[in-house]
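Observations on chain architecture
Letter by letter, the chains look like this.
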Amino acid sequence: MRQIALLVALLVAAGSCGYYSTSSRTAKDIKQIAIPYLRNETPEPDIENEITDKVIEGIVNDNTLKVVARDEAHAVLEGRIVEYRNVPFTFNRGSDASIQADQYRLVIGLRISLFNPEDNSYIWQDRSVKAHGDYYLDEGAQQNYENALKEVYREIVEGILSTMIEDW
């Protein structure tokens, strides 16, 4: 009887082991991706260069996909910057009773598509990725424009990676 109870306990313990997968986060046939420069549809000059560089850097650091030239790619990430806003976010009253901006919000929005060059079709199209970062104009503030911009870039990369693996 004791041996049967031990056998049952072992079977229950073995059966309760969770499922574990070592497969990657992307479709099996997409291991290499090309990322041409994003198109800038905003009045902010040259922002496409910096955002594209940050997206490439983020995907390289994520190490899920290898960034390669277009002719070597299993997929091509196409995109355009459709929104760049730098707007007052919180306000305070000045000593002369005027209302002044205290904090600003930087918002950047992209529309991205993933193209399959092997069969000349889109895997998915026109997905939205948007990020924002808040900052103060005070020179001593830790939450300054540069840090807000870093946060926006980080959120954009996370949003793109999330969008890319969402359907896989």
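Refer to the structure presented above.
Our subject in this report is the structure included herewith.

Procedures and definitions
Residues numbered from 1 in each chain as written. Predicted model: local features only at pLDDT ≥ 70, side-chain atom pairs only at ≥ 80, totals over all residues. Heavy atoms only, no water. Helix = DSSP H or I, 4+ residues; strand = E, 2+ residues; numbered from the N terminus. Buried < 20%, exposed > 50% of the residue type's maximum accessible area, 1.4 Å probe, protein only. Polar contact = N/O pair within 3.5 Å; in protein donor to acceptor, adjacent residues only side chain to side chain. Contact = heavy atoms within 4.5 Å. Phe/Tyr/Trp six-rings, centres within 6.5 Å; stacked < 30°, edge-to-face > 60°. Lys NZ or Arg CZ within 6 Å of the ring centre and 35° of its normal.

Re the side chain of Thr52
Take Thr52: it is sitting in helix H2 (residues 47-62). Thr52 gets classed as buried once you look at its relative accessible area, which sits at 1%. Here the side chain of Thr52 touches Glu48 through a polar contact of 2.7 Å, landing on its backbone oxygen. Among residues more than four places away in sequence, those in contact with Thr52 are Ile35, Pro36, Tyr37 and Leu38.

A look at the environment of Ile35
Secondary-structure assignment places Ile35 in the loop between strand S1 (32-34) and strand S2 (39-40). Expressed as a C-alpha distance, the spacing of Ile35 and Val68, which sit 33 residues apart in the sequence, is 7.9 Å. In this view, Ile35 contacts Thr52, Val55, Ile56, Ile59, Val67 and Leu77; residues no more than four positions away in its chain are not counted.

Section: the packing of aromatic side chains
The tally for this structure, following the rule as stated, stands at three aromatic pairs. Taking the centre distance of 5.8 Å and the plane angle of 25 degrees together, the rings of Tyr104 and Tyr135 count as stacked. Here the residue Tyr104 occupies a position in strand S5 (residues 99-116), and Tyr135 occupies one in strand S6 (residues 121-136), the gap between them amounting to 31 residues. Residue Tyr104 is classed as buried on the basis of its relative accessible area, which comes to 18%. Measuring from centroid to centroid gives 5.0 Å for Phe115 and Tyr122, while their planes differ by 65 degrees, and the two rings are edge-to-face. On the basis of relative accessibility, which here comes to 8%, the residue Phe115 falls in the buried class. Over the face of the ring belonging to Phe89 we find Arg105, whose NZ or CZ atom lies 3.8 Å from the ring centre.

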